[in-house]
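Structure at a glance
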Amino acid sequence: MILNHLIGIYTHPKEEWQSIDTRHETSMYALTHIAIIALIPSIVAYYSSAHTGWSIGAGDLIKLDQQSALMMAIGMYAGLVMGVLALAILIHELAKAFEAPPTYTQSLELAAYTATPLFMVGFAGLYPELWVVMAALLVGISYSVYLLYSGVPILMHMPEDKGFIYSSSVVTCGLVLLVILMTGSVLIWGLSGGPVFVH
């Protein structure tokens, strides 16, 4: 089953990392996992933006027209998938400095399963209150960072102290990558006409 590691990374992450390291499916397996999981925030963002609307504070609901919401969702999906692929490349290249060069498949697996909690946060968008989504995002980021720190020594076959420094480097570069992706998506959306709001 394509998503067979999904439950494990939440219930027993270290054992699941061991299982991922032992099995090492193909890159296509990890890519399929990313492609499916990235649908969650994209579809929820479309639905919430076009149908239920967003509440920010005590103001009126903010809604987008369906075409604008669809463009946002497609852009979000592409950005999420490209972001995980870029993170995998980053993981792969950074590992060379730590004298533990993994295969690209290992790097992709680490990126895919580490990003999963962030993508699952998309379900919070079904209750489109900003504070709910931000609280869920904080939990998702925290768990993704925990997965990274617990997975690196296992998948990259590094001692824990070296893995900690490597993981910290990946987190720092990942945050820079996130800012670049967010800025790029806002610029592209603005250049393509921007959002169309409805009442």
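Our subject is the structure that appears above.
Report follows, based on the coordinates. (Residues numbered from 1 in each chain as written. Predicted model: local features only at pLDDT ≥ 70, side-chain atom pairs only at ≥ 80, totals over all residues. Heavy atoms only, no water.)

In this fold, Ile91 is placed in helix α5 (residues 66–97). On a C-alpha basis, the gap between Ile91 and Glu25 in space is 18 Å, while along the polypeptide they are 66 residues apart. (Helix = DSSP H or I, 4+ residues; strand = E, 2+ residues; numbered from the N terminus.)

Next up on the list: the side chain of Ser144. Relative to the elements of secondary structure, Ser144 occurs in helix α7 (residues 130–155). Looking at Ser144, the relative accessible area reads 6%, which means it is buried. When sequence neighbours within four positions are dropped, the list of residues in contact with Ser144 reads Thr114, Ala115, Pro117 and Leu118. (Buried < 20%, exposed > 50% of the residue type's maximum accessible area, 1.4 Å probe, protein only. Contact = heavy atoms within 4.5 Å.)

Moving on, we get to the packing of aromatic side chains. If you walk through the whole model with that rule in mind, you get five aromatic pairs. A centroid spacing of 6.4 Å and a plane angle of 80 degrees characterise the contact between Trp17 and Tyr113, whose relative ring orientation is edge-to-face. With Trp17 in helix α2 (residues 13–23) and Tyr113 in helix α6 (residues 104–120), this residue pair connects regions lying 96 residues apart in the sequence. Each member of the pair, Trp17 together with Tyr113, is buried. Ring geometry for Phe98 versus Tyr166: centroids 5.2 Å apart, planes at 75 degrees, classification edge-to-face. Here the residue Phe98 occupies a position in the loop between α5 and α6, and Tyr166 occupies one in helix α8 (residues 160–191), the gap between them amounting to 68 residues. When sorted by exposure, Phe98 lands in the same class as Tyr166, which is buried. Among the aromatic residues, ring-to-ring pairing joins Tyr10, Tyr143 and Tyr146 into one connected group. (Phe/Tyr/Trp six-rings, centres within 6.5 Å; stacked < 30°, edge-to-face > 60°.)

It is the contact of helix α4 (residues 39–52) with α5, at a shortest axis distance of 9 Å, that shows an interaxial angle of 160 degrees. As far as their axial angle goes, α5 and α4 are roughly antiparallel. Relative to α5, α4 is oriented so that their crossing is right-handed. Here α4 contributes Leu39, Pro41, Ser42, Ala45, Tyr46, Ser49, Ala50 and His51 to the contact with α5, which in turn contributes Gln66, Ala69, Leu70, Met72, Ala73, Met76, Tyr77 and Leu80. Of the residues belonging to the contact of α4 with α5, the class tally is twelve nonpolar, four polar and no charged. (Axes fitted to C-alpha atoms, helices over the stretch in contact; angles between N-to-C directions. Parallel < 35°, antiparallel > 145°, perpendicular 65-115°, else oblique. Left-handed = near helix turned anticlockwise from the far one by under 90°. Nonpolar A, V, L, I, M, F, W, Y, C, P; charged D, E, K, R; others polar.)

A few words now on the packing of α2 against α7. α7 packs onto α2 with a crossing angle of 45 degrees between their chain directions and a minimal axis gap of 9 Å. Compared by their axis directions, α2 and α7 come out oblique. For α2 against α7, the interelement crossing comes out right-handed. Contacts between α2 and α7 involve Pro13, Lys14, Trp17, Gln18, Ile20 and Asp21 from the former and Tyr143, Tyr146, Leu147, Ser150, Gly151, Ile154 and Leu155 from the latter.

A word on the pattern of salt bridges. Within this structure, the stated rule accounts for one salt bridge. Here Glu93 makes a salt bridge to Lys96, at a shortest N to O gap of 3.2 Å. Remark: Lys96 and Glu93 occur in helix α5; sequence separation between them is three residues, near one turn of the helix. Exposure remark for Glu93: the relative accessible area of 42% places this residue in the partly exposed category. (Salt bridge = Lys/Arg side-chain N within 4 Å of Asp/Glu carboxyl O.)

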